[in-house]
Amino acid sequence: LAMNSGATAPEWVTAGGGCWEKLDTITISSTTSQIEHEEANFTSTHRDYKIMLSNILVTTDSAMRMRVAGDGAALLSGAEYRYAVTGYKSTNTINAQSNQGDTSFFMGGTNTGTSSAVFTTSFEINLFHPLSTDSYLTFSSFGIQNDDNDYTMTHVGAGTHTTAQATAMKRFVLYMTSGDFSGGTSTLYGRTV
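Residues numbered from 1 in each chain as written. Predicted model: local features only at pLDDT ≥ 70, side-chain atom pairs only at ≥ 80, totals over all residues. Heavy atoms only, no water.

Draft legend 1. Summary view of the overall build of the protein. Check the secondary structure of the protein and you find zero helices and 12 strands. Seen in sequence order, the protein has helices and strands lined up from the N terminus as β-β-β-β-β-β-β-β-β-β-β-β. For 193 residues, the compact-globule estimate of 2.2 N^0.38 gives 16 Å, and the protein sits close to it at 17 Å. On the principal axes, the C-alpha backbone points of the protein span a range of 55 × 40 × 30 Å. The buried share of the protein, reckoned over its 193 residues, is 40%. (Helix = DSSP H or I, 4+ residues; strand = E, 2+ residues; numbered from the N terminus. Rg over C-alpha atoms; globule rule 2.2 N^0.38 Å. Buried < 20%, exposed > 50% of the residue type's maximum accessible area, 1.4 Å probe, protein only.)

As structure tokens, then:
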């Protein structure tokens, strides 16, 4: 980024500053059935949140999913999860996932593969004002995964949970439809208001 002498850098460029604050990192060092950051990380200090999944490994070829809930509440499992995901593979093929009333969000473009630890999944998940009690929860995601044939895939996706708009959402649980997570990190960031 080139700047004129004496110019002020924008906040997101300033050393030691910026709008995103690291809140928590989970390091997966053994098999675990889900990834969930502590609810105490979701406060009025931040408006939007970002979950960065880095070099995630799984034990079984299967799809990654996400369910949500309010503070201390059971995960919502009714048919109120709407999503649309488009994935593009290195084989010049497209995978699409969509639903108007699923029981969880589909994360990524297809199944995540497991043939070797050199093939990993890395996503960015953006949670938009999850503490709002005036609107439905929304999120977007994008990233890279290697499918069950080791084909590279990128995806862009989004979703809305179409109930409980009066609930501040503080639970975001990622899980596999079968198998477990076996490696990688998940880091949670908050955008300061």
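Draft legend 2. How the structure looks around the packing of aromatic side chains. A complete count under the given rule lists five aromatic pairs for this structure. With 4.7 Å between their ring centres and 50° between their planes, Phe42 and Tyr49 make a pair best called tilted. We classify Phe42 as buried; its relative accessible area is 1%. With a centroid separation of 5.2 Å and an interplanar angle of 45°, the aromatic rings of Phe42 and Phe172 are classed as tilted. A residue pair is termed long-range when its members are at least 10 positions apart, and Phe42 in the loop between strand 2 (34–35) and strand 3 (46–58) and Phe172 in strand 11 (residues 169–176) qualify at 130 residues. Stacked on the ring of Trp20, the Lys or Arg Lys50 has its end atom at 4.6 Å from the ring centre. (Phe/Tyr/Trp six-rings, centres within 6.5 Å; stacked < 30°, edge-to-face > 60°. Lys NZ or Arg CZ within 6 Å of the ring centre and 35° of its normal.)

Draft legend 3. Here's a closer look at the side chain of Thr121. Inspection of the secondary structure puts Thr121 in strand 8 (residues 121–128). Taking the relative accessible area as the measure of exposure, Thr121 reaches 0% and is therefore buried. Every residue in contact with Thr121, bar those within four places of it in the chain, is listed here: Leu53, Ser54, Asn55, Ile56, Met64, Thr112, Ile144, Gln145 and Asn146. (Contact = heavy atoms within 4.5 Å.)

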